[in-house]
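# Close look at the chain arrangement
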Amino acid sequence: IWSVISSGTLSRSLQQAFPHATVHGVIVGHHPTPEQAGRAILYQSPYKFAQPIKAQDAPPYPSVAEYDAKLWPIYQEWRKTNPDANVLIWNVGA
């Protein structure tokens, strides 16, 4: 499961809903504490919090350029080494 992460509320909810799933969180603003992140594997977005994602990095689905869309380029890199993984991307803002 992939989502952006800030306070960790969504990520921890997904961790509870899917206790056996691997959860990935892309940091887009606030850096969550270990308690806030739970068991999520964290990645740092290269974009600043209020900075919109560049068009060439945007996902192929509607998403908020300053928030959820920042997950896409990091996910795309991960996908290169995990092509057969079953994935759920949780897109909050669209």
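Above this text you will find the structure in question.
Everything in this summary refers to the structure shown in the same document.

This paragraph deals with the overall build of the chain. Helix and strand counts for the chain come out as 3 helices and 3 strands. Beginning at the N terminus, the succession of helices and strands in the chain can be written as β-α-β-α-β-α. Overall size of the chain, expressed as C-alpha extent along the three principal axes, is 35 × 30 × 20 Å. Long-range pairs, those at least 24 residues apart, make up 39% of the contacts in the chain with a sequence separation of at least 6. Accessible surface for the chain amounts to roughly 5,500 Å². Of this, 57% is attributable to carbon and sulfur atoms. If you average the places of the 7 positive and of the 6 negative side-chain charges in the chain, the two averages end up 2 Å apart.

One finds W2, V4, V26, V28, L71, W72, I74, Y75 and W78 forming the largest nonpolar core, which totals 9 residues. Elements with a minimum of two residues in this core: β1 (2-5) and α3 (71-81). Looking at this core element by element, the count peaks at 5 residues for α3. Excluding residues that lie within four positions of it along the chain, W2 makes contacts with H24, V26, Y43, L71, I74, Y75, W78, V87, L88, I89 and W90.

What follows deals with the pairing of strand β2 (residues 24-27). By the alternation rule, side chains of β2 split into H24 and V26 and G25 and I27, which are all buried. With 4 bridges connecting them, β1 and β2 associate as parallel partners. Bridge pairing links V4 to V26 in β2. In terms of handedness, the path from β1 via helix α1 (residues 9-17) over to β2 forms a crossover that is right-handed. One ladder, built from 4 bridges, connects β2 with strand β3 (residues 41-44); its direction is parallel. The partner of I27 across the bridge, within β3, is Q44.

To continue, consider the sheet that holds β1. Sheets are built from strands that pair by backbone hydrogen bonding, the pairs being arranged parallel or antiparallel. Ordered by their spatial adjacency, 3 strands build an open sheet running β1-β2-β3, and the pairing between neighbours is parallel. With one partner strand each, in any of the chains shown, β1 and β3 form the two edges of the open sheet. Strand-to-strand twist of the sheet, defined as the mean angle between neighbouring strand axes without regard to direction, takes the value 30°. Seen against the sheet, α3 touches β1, β2 and β3 and runs at an angle of roughly 135° to β1.

Attention now goes to the environment of A65. Turning to its location among the elements, A65 is positioned in the loop between β3 and α3. Take A65: its relative accessible area is 26%, and that puts it in the partly exposed class. Sequence separation of A65 and G93 is 28 residues, and the distance between their C-alpha atoms is 9.4 Å. If near-sequence neighbours (up to four positions away) are discounted, A65 is found in contact with Q51, P52, I53 and K70.

In this section: the pattern of salt bridges. When the charged atoms of two side chains lie near each other, side chains of opposite charge can form a pair. Summed over all chains, the structure comprises 1 salt bridge. Put simply, K80 and E77 hold a salt bridge, and the shortest N to O gap is 2.8 Å. Pair noted here: K80 and E77 are both in helix α3, with a separation of 3 residues, about one helical turn.

Rules behind the numbers
- Residues numbered from 1 in each chain as written.
- Predicted model: local features only at pLDDT ≥ 70, side-chain atom pairs only at ≥ 80, totals over all residues.
- Heavy atoms only, no water.
- Helix = DSSP H or I, 4+ residues; strand = E, 2+ residues; numbered from the N terminus.
- Contact = heavy atoms within 4.5 Å.
- Areas by Shrake-Rupley, 256 points an atom, 1.4 Å probe, with all protein chains shown as cover.
- Lys, Arg positive; Asp, Glu negative; His and termini not counted.
- Charge placed at Lys NZ, Arg CZ, Asp CG, Glu CD.
- Core = buried A, V, L, I, M, F, W, Y, C linked by side-chain atoms within 4.5 Å.
- Buried < 20%, exposed > 50% of the residue type's maximum accessible area, 1.4 Å probe, protein only.
- Pairing = 2+ DSSP bridges.
- Right-handed = clockwise from strand over helix to strand, strands pointing away.
- Axes fitted to C-alpha atoms, helices over the stretch in contact; angles between N-to-C directions.
- Salt bridge = Lys/Arg side-chain N within 4 Å of Asp/Glu carboxyl O.

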